[in-house]
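Residue strings, one per chain:
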Amino acid sequence: MARVLSTAVVLALLAATAVAFAITEGAKLTKSPIAGTFVTPVFSPDSVLADKKTARVQFRLRTRERLAVWIQDSDGHRVRTLLSNRVEPKGTKLDLAWDGFADSGLLRPDGVYMPVVKLQRSHRTIVLPSEILLDTKPPTITVHHPQYPIVSPDGDGHGDVFRVQYKVDEPAHAILSVRGRQVLFTLTKKLAGELIWDGKVKNSQHVLVVAHPGRYLLSISAQDVAGNVGKGVPFAIAQVRYVVLARKRVVVRPGGHFAIRVSTDAPTVSWRLNGRSGVMHSGTLHFRAPKSSGVFRLYVSAARHSASCAVVVA
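The model shown is predicted, which means the values in this text are computed figures rather than measured ones.

Position of Q223 among the secondary structure elements: in strand β18 (residues 214-224). Dropping the residues within four chain positions of it, Q223 is found in contact with V48, L49, P139, A172, H173, I175, F185, N228 and V229.

This is the structure in structure tokens:
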């Protein structure tokens, strides 16, 4: 008798296990009443990116439902109702947006939030597995400053660019601006990198052109994944120069010798004075003045740029 009872108990347990397994497998095969879900992973109301100013919650209904949708915080508290007690037919595609504010009208603090869908007909409340990160803090970028580089963007391979190393406190694009206008935006969002300024600036039509000789204020900022942009940090006053002579006027006796210093990145320069010409190494240039009195023009050229000074022979 005991053996019969024992066998019956075992068979009953096996039957219960089989039923539970069947129910579980059936539940796995049952489709969710919502499909095509998309949730914006990170956003900021202050974003410069149109698609990151709000968090989008999108999904499609597989059945006719009376539903409500809301946003809850990491503690499970409801903070904003997006949809309340509305009946929608089968196949409806819902596209809801959250701007980061609570039902009270106050902006919620930065953090992780979850969209929740309540389906009254299906008697289900579904917390969507996609988290929403509200991030309103702009990234902080650091760079060595102040710096006073000299750039000669004439394409001769000597001093054409200025390189600067930077670091950011979160993944972000680095932005380089010259005189307040953006000239460089990195494609990557590395925590550290290098910006390379090639001496180009934006003109009044916002077209990049090679800068004229002069001084230019460089500033750096960063844009994070949410589209927050930090305040630009001025870090360098760059001087663009091609060929510069140390003096604009030289007074010398007829046939006398004189010297003048040239500032350029080119290793050699061409010169022309009163019908004579030649090539010299950069640095201090030495000349013999014309033998006749008068005012003559000395031209010094390098890489398609030139400078001149008056040579007064008296």
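On the surface, a cluster of nonpolar side chains totalling about 320 Å² of accessible area is made up of Y148, L217 and I237. Mapped onto the secondary structure, L217 falls in strand β18. Judged by relative accessible area, L217 falls into the partly exposed class, the value being 43%.

The antiparallel open sheet is built from three strands, whose spatial order is β10-β12-β15. Since the sheet does not close on itself, it has two edges, and those belong to β10 (141-143) and β15 (192-197), each with one partner. Across the sheet, the mean angle from the axis of one strand to that of its neighbour is 35°, orientation sign disregarded. With three bridges joining them, β10 and strand β12 (residues 162-168) adopt antiparallel strand pairing. Looking across to β12, one finds that I141 is bridged to V168.

Turning to the pairing of β12, a few remarks are in order. Across the two faces of β12 the burial differs, with F162, V164, Y166 and V168 buried and R163, Q165 and K167 not buried at all. Across six bridges, β12 lies against β15 in antiparallel orientation. Directly across from R163, in β15, lies its bridge partner I196.

An order of β11-β19-β18-β13-β14 is seen for the five strands of this open sheet, with the pairing classed as mixed. The open sheet has two free edges, formed respectively by β11 (150-151) and β14 (181-185), since each of these has just one partner strand. Here strand β13 (residues 172-178) runs beside β18; their pairing, made up of seven bridges, is antiparallel. Bridging across to β18, A174 finds its partner in A222.

Our next topic: the environment of A303. With respect to the element layout, A303 can be found in the loop between β26 (294-302) and β27 (305-313). For the pair A303 and P138, spaced 165 residues apart in sequence, the C-alpha to C-alpha distance is 43 Å. A303 has contacts with D154 and D156, leaving out every residue within four places of it along the chain.

With that settled, the discussion passes to the packing of aromatic side chains. This model, assessed by the stated rule, comprises six aromatic pairs. One aromatic cluster is present, formed by F43, W98 and Y113 through successive ring pairs. Its end group placed over the ring of W70, R78 keeps NZ or CZ at 3.7 Å from the ring centre.

Core analysis: the biggest nonpolar cluster contains 25 residues, and W197, Y216, L218 and F235 have the highest contact counts within it. Contributing elements (two or more residues each) for this core: β10, β12, β13, β15, β18 and β19 (233-240). Residues in contact with L218, not counting those within four places in the same chain, are F162, L176, S177, V178, W197, V233, P234, F235, A236 and A238. By size, the runner-up hydrophobic cluster in this structure holds 23 residues, among which are L67, V69, I71 and L128.

On to the confidence of the model for the protein chain. Summing up the model confidence of the protein chain, the mean pLDDT is 90 and the portion of residues at 70 or higher is 90%. Across residues 18-28 the pLDDT falls below 50, and counting only partners more than four positions away or on other chains, this stretch makes zero contacts in the model.

Another point: the pattern of salt bridges. Close approach of charged atoms lets side chains of opposite charge pair. By the definition in use, this model includes seven salt bridges. In this structure, the salt-bridge partner of R241 is D265, at a minimum N-O distance of 3.1 Å. With R241 in the loop between β19 and β20 (244-245) and D265 in the loop between β22 (257-263) and β23 (268-273), this pair connects stretches of sequence that are 24 residues apart. Assessed through its relative accessible area of 8%, R241 is described here as buried. The network of salt bridges with common partners includes R80, D99 and D103.

In this section: the environment of H206. With respect to the helices and strands, H206 occurs in the loop between β16 (200-202) and β17 (208-210). Separated by 70 residues in the primary sequence, H206 and R276 have C-alpha atoms spaced 43 Å apart.

What follows is about the side chain of D154. Position of D154 among the secondary structure elements: in the loop between β11 and β12. Nearest to the buried, unbridged D154 among oppositely charged side chains is R304, at 6.5 Å. Apart from residues no more than four positions distant in its own chain, D154 is found in contact with D160, Y242, A303, R304 and H305.

Rules behind the numbers
- Residues numbered from 1 in each chain as written.
- Predicted model: local features only at pLDDT ≥ 70, side-chain atom pairs only at ≥ 80, totals over all residues.
- Heavy atoms only, no water.
- Helix = DSSP H or I, 4+ residues; strand = E, 2+ residues; numbered from the N terminus.
- Contact = heavy atoms within 4.5 Å.
- Patch = residues over 30% accessible without salt bridge, like charges linked within 9 Å, V, L, I, M, F, W, Y side chains within 5 Å.
- Areas by Shrake-Rupley, 256 points an atom, 1.4 Å probe, with all protein chains shown as cover.
- Salt bridge = Lys/Arg side-chain N within 4 Å of Asp/Glu carboxyl O.
- Buried < 20%, exposed > 50% of the residue type's maximum accessible area, 1.4 Å probe, protein only.
- Pairing = 2+ DSSP bridges.
- Axes fitted to C-alpha atoms, helices over the stretch in contact; angles between N-to-C directions.
- Phe/Tyr/Trp six-rings, centres within 6.5 Å; stacked < 30°, edge-to-face > 60°.
- Lys NZ or Arg CZ within 6 Å of the ring centre and 35° of its normal.
- Core = buried A, V, L, I, M, F, W, Y, C linked by side-chain atoms within 4.5 Å.
- pLDDT = per-residue confidence, 0-100.
- Lys, Arg positive; Asp, Glu negative; His and termini not counted.

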